[in-house]
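Breakdown of the fold
Single-letter residue listing:
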Amino acid sequence: MNELQQLNPQQLEAATYGDGPLLILAGAGSGKTRVLTNRIAWLIGEKQVKPWNILAITFTNKAAGEMRERVDAQVGFGADSVWVATFHSTCGRILRRFADRIGYQLNFTIYDGDDQKQLMRDVCKSMNINTGVYKEKMFLSVISSAKDELLDPVTFAASAAGDPDMVRIGEVYKEYQRQLRNNNAMDFDDMIMQTVRLFQQCPDVLSYYQDRFRYIMVDEYQDTNTAQFHLVSLLAGAHGNLCVVGDDDQSIYSFRGANIQNILSFEQVYPSAKVVRLEQNYRSTPDILEAANSVIAHNRGRKQKRLWTENPAGPRISHVTVYSAYDEADFVARDIAKEVSMGTCRNADIAILYRTNAQSRILEEKLLMSGIPYQIIGGVNFYARKEIKDLLSYLRAIDNPRDDVAVHRIINVPKRGIGAATIAKLDAYAAVNDISFSEALDRSRDIPGIGKSAIKTGKFAALMNKLRKEAGTVTVRELLDTIIEETEYVEELRREGTEEAKDRIQNIDELINKIVTYEENTPEATLASFLQEVSLVADIDSLDGQAGKVLLMTLHSAKGLEFPVVYMTGMEEGLFPSSMALFGERPDEGIEEERRLCYVGITRARRKLTLTSARMRMNRGERDIHKVSRFIDEIPKELLDERELEPDSYGSAFGSRQGYAAGRGGGFAGRNYGRSAGDGEYGSGSYRGGNYGGGSYGSGNFGSGNYGAGSSESGAGRSFGAGGSGNRGGKPKGNGLFGKPLQLSKGAPQKADHLDYEVGDRVTHVKFGEGTVKELVDVGRDYQVSVEFDKAGLRKMMAAFAKLEKKK
DNA sequence: GGTTTGAAACTTTTT
DNA sequence: GTTTCAAACC
């Protein structure tokens, strides 16, 4: 309790405010988590509130975990009875207990984005919808928004009357929802909406939880959507002790249905609400705060507040303009290496932020080359990887036989010789008889026209039934072992023997580890509880903090985090603010949300902030010329250390260097470098000059290397490098300037007269490190070199591109 | 009928 | 550079 003495007056007021609604407007870095945990401790210690009568809701598991830890540390006895959880897991727990009251089985499956898409494809197919005109994604996004607003298919249809497009969408929504229900499945949005429905339809359940949760706290309240608002209001309906914490300036999830009005009009909804403002920032230097304040001041309709700090001054904010995204990545990598070698910071202090996930690749590449350890948050979720998803689908199909999406996914994985035609017959049979796909499988022999395929499908059905039987008696881990054994899933990968297959096996091992950890830490671990846990993990949750690595993530993922050193990359009009926001339906609102995102980014930095802008960026094979982001202009000039870097050829770059040389044809900043491609002009908006050869560099047979430090890291282990699919056969498909193969255009590496290494020599490669030359083949224009690398394994590459150096 | 291969389209942010 | 769709191939 002596912790309270360390709070400032406003924090103390918020932490010790008694009953009734309470709105805490907490600016960035103002210590809101501290206030929340202190409040929980105070409620229990001073107000004699029972720990199990307290509910604290967050958005991510990570935030929940942190709060849990701090509550445990501060509250002591009884702390674990405090319910700290995310919106989705809270609803999950409630629904696992009462979903049967609203027509679901308790073992319902939770569908992620991939599952939703799959299901929507089936829906569109069954309704004969031309997805060339109406995209699945569009349907899903409208349905998602509807659910966020608590509109069920019936209400939606009513509101759609008169608008033919909306009526059509309404029909799709109805069918989608019907199939979800048939599959005994819910999507993410259902979790919230169905819980609200449960409360509305079953007053006894609602009053049970109202009585259970007498004190409710909601973190990041500005990100709640309408459904979440209703959920919270219902829960707080009896006792009225609702404490919400948020910052309207950090509302960045409107695309996900977040309704900023929830926080802006809290005082209207709860007229007796007490409002406390936390404006003292404990995180950043005065310059960084000043920059953040100046940017956000351009937004209208905010709750007035201005952050201030007593923190000492720090280094100036840098803004660096470079020519290309490649130069940007190079600058960031070099700057990090410099700072770290000077001892001003450690790798673990640094975060590189960007607007879109697509920007991460080039940064990743540069960091890898510079030997800087990094971890990427986001991109491909571990649980979304093919091999993981396959095995999880087995578990899902076992747990919930009605999960048609899961059964469809695995019926021919690994290959069992069951093809599309057979599956179509099973589907038709299931539809006619109104049974699930699994049941149709069980009746394989009765299916008309199936022929001898019934032997294969029957075998598969038998396997699934055997596994289901076993599931009741063994642990999840043992069950997975059996699946892997029976299906020879890993065996198959082992036979493939490629680097990619090895990676997949590693990921499967990692999945097994996760299951073991889960079963060890969860007393009542069941297959269903494990699957729920797994489907509700977010990318950000994998961040462990002890890694000693530079972190790369989107600005969205960075919310709620702080770092001593922050790089905000891609500060360009069209990227950030994104063109989607600029040219969307409501440009004003779009820009304001982007600006809030910028505010979030700036306020992540404690000590040193570096902003970077590239003039040119490759975008879907075209180069776009961008102006510097307006947000840079919104920062007072005197706060910025402006620098402009000239493009220059960094000798070490594999591939990009060459593309760079060719791409310069149009001339940059009025100067003419090397050859002139002739067409295209700099400065007139979008440059669409000759084909830049994006993606086709390294057109030799480079293989699809898999890099990254350990595939257990989220995002690492992603493969890049040219070659692989899309460019099979070793011949460059991509066009160079004027449609000719890039290799033939000027500036591309030429075949060397001779090579200064031969078979058996030790060589070094800029990315793969050291290795031994195994084979040299003269293929006309160039030599093809095969090298067995110590770390990266056997690689084939073209000598002119590989830039191998003989080791002395 | 099933599998493999090649070409085309597509990239905001996510629980 | 990745994922999806159609055609060729077995």
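So, here's what we can say about the structure. (Residues numbered from 1 in each chain as written. Chains lettered and ligands numbered in written order. Predicted model: local features only at pLDDT ≥ 70, side-chain atom pairs only at ≥ 80, totals over all residues. Heavy atoms only, no water.)

It is worth spelling out the overall build of chain A at this point. Each helix and strand counted, chain A has 31 helices and 23 strands in total. The buried share of chain A, reckoned over its 808 residues, is 54%. Long-range contacts, defined as pairs at least 24 residues apart, comprise 73% of the intrachain contacts of chain A with a sequence gap of at least 6. (Helix = DSSP H or I, 4+ residues; strand = E, 2+ residues; numbered from the N terminus. Buried < 20%, exposed > 50% of the residue type's maximum accessible area, 1.4 Å probe, protein only. Contact = heavy atoms within 4.5 Å.)

This paragraph deals with helix H28 (residues 587–602). Compared with the 22 Å implied by 1.5 Å per residue over 16 residues, the 22 Å span of H28 between its first and last C-alpha is a close match. In terms of residue burial, H28 counts as a mostly covered element, since 13 of its 16 residues are buried. (Expected span 1.5 Å × (residues − 1).)

Right, let's talk about the side chain of Ser 393 for a bit. Assignment of secondary structure puts Ser 393 in helix H17 (residues 386–399). With a relative accessible area of 2%, Ser 393 lands in the buried category. Looking at Ser 393, its side chain comes within polar contact range of the main-chain oxygen of Lys 389, at 2.7 Å. (Polar contact = N/O pair within 3.5 Å; in protein donor to acceptor, adjacent residues only side chain to side chain.)

Following the sequence through the fold, Asp 399 ends up in helix H17. Separated by 162 residues in the primary sequence, Asp 399 and Leu 561 place their C-alpha atoms 37 Å from one another.

Where like charges cluster on the molecular surface, the positive patch consists of Lys 117, Arg 121, Lys 125 and Lys 137. It is helix H5 (residues 113–126) that provides the largest number of residues to the positive patch, a total of 3 residues. Its place among the elements puts Lys 137 in helix H6 (residues 136–148). Taking relative accessible area as the criterion, Lys 137 reaches 64% and is therefore assigned exposed. (Patch = residues over 30% accessible without salt bridge, like charges linked within 9 Å, V, L, I, M, F, W, Y side chains within 5 Å. Areas by Shrake-Rupley, 256 points an atom, 1.4 Å probe, with all protein chains shown as cover. Salt bridge = Lys/Arg side-chain N within 4 Å of Asp/Glu carboxyl O. Lys, Arg positive; Asp, Glu negative; His and termini not counted. Charge placed at Lys NZ, Arg CZ, Asp CG, Glu CD.)

Another aspect to go through is the pairing of strand S1 (residues 22–26). With 5 of 5 residues buried, S1 lies mostly within the body of the structure. Burial along S1 is two-sided: the face carrying Leu 22, Ile 24 and Ala 26 and the face carrying Leu 23 and Leu 25 are both buried. Bridge count for S1 against strand S8 (residues 274–278) is 5 bridges, and the pairing is parallel. Residue pairing for S8: Leu 25 is matched across the bridge by Arg 277. (Pairing = 2+ DSSP bridges.)

Here we come to the layout of surface pockets. Any empty space left between atoms is shown by rolling a water-sized probe over those atoms. Within this model, the second largest pocket holds a volume of roughly 1,200 Å³. Lining of the second largest pocket is provided by 38 residues; of these, Asp 122, Gln 179, Asp 404, His 408 and Asp 427 occupy positions nearest its centre. Sorting the residues of the lining of the second largest pocket by element identifies H5, helix H8 (164–182), H17, helix H18 (404–410), helix H19 (420–433) and helix H20 (437–442) as the ones contributing at least two each. The element that contributes the greatest number of residues to the lining of the second largest pocket is H5, accounting for 8 residues. The residue inventory of the lining of the second largest pocket, partitioned by class, reads 12 nonpolar, 9 polar and 17 charged. (1 Å grid on protein atoms, 1.4 Å probe; cavity = no way out; pocket = protein on both sides within 12 Å on 5 of 7 lines; lining within 4 Å. Points joined across faces, edges and corners; volume = space filled by probe spheres on them. Nonpolar A, V, L, I, M, F, W, Y, C, P; charged D, E, K, R; others polar.)

The subject of this paragraph is the sheet that holds S8. Across the sheet, 6 strands lie side by side as S3-S2-S6-S7-S1-S8; this open sheet has parallel pairing. The open sheet has two free edges, formed respectively by strand S3 (83–86) and S8, since each of these has just one partner strand. When strand polarity is set aside, the average angle formed by the axes of neighbouring strands in this sheet is 15°. As paired strands, strand S2 (residues 54–58) and strand S6 (residues 215–218) are joined by 4 bridges and run parallel to one another. Along S6, the bridge assignment pairs Ala 56 with Met 217. Those strands touched by helix H2 (residues 32–45) are S1, S2, S6, strand S7 (242–246) and S8, and its axis lies near 175° from that of S6. Across the sheet, helix H4 (residues 87–98) lies against S2, S3 and S6, angled at about 110° from S3, the strand it touches most. (Axes fitted to C-alpha atoms, helices over the stretch in contact; angles between N-to-C directions.)

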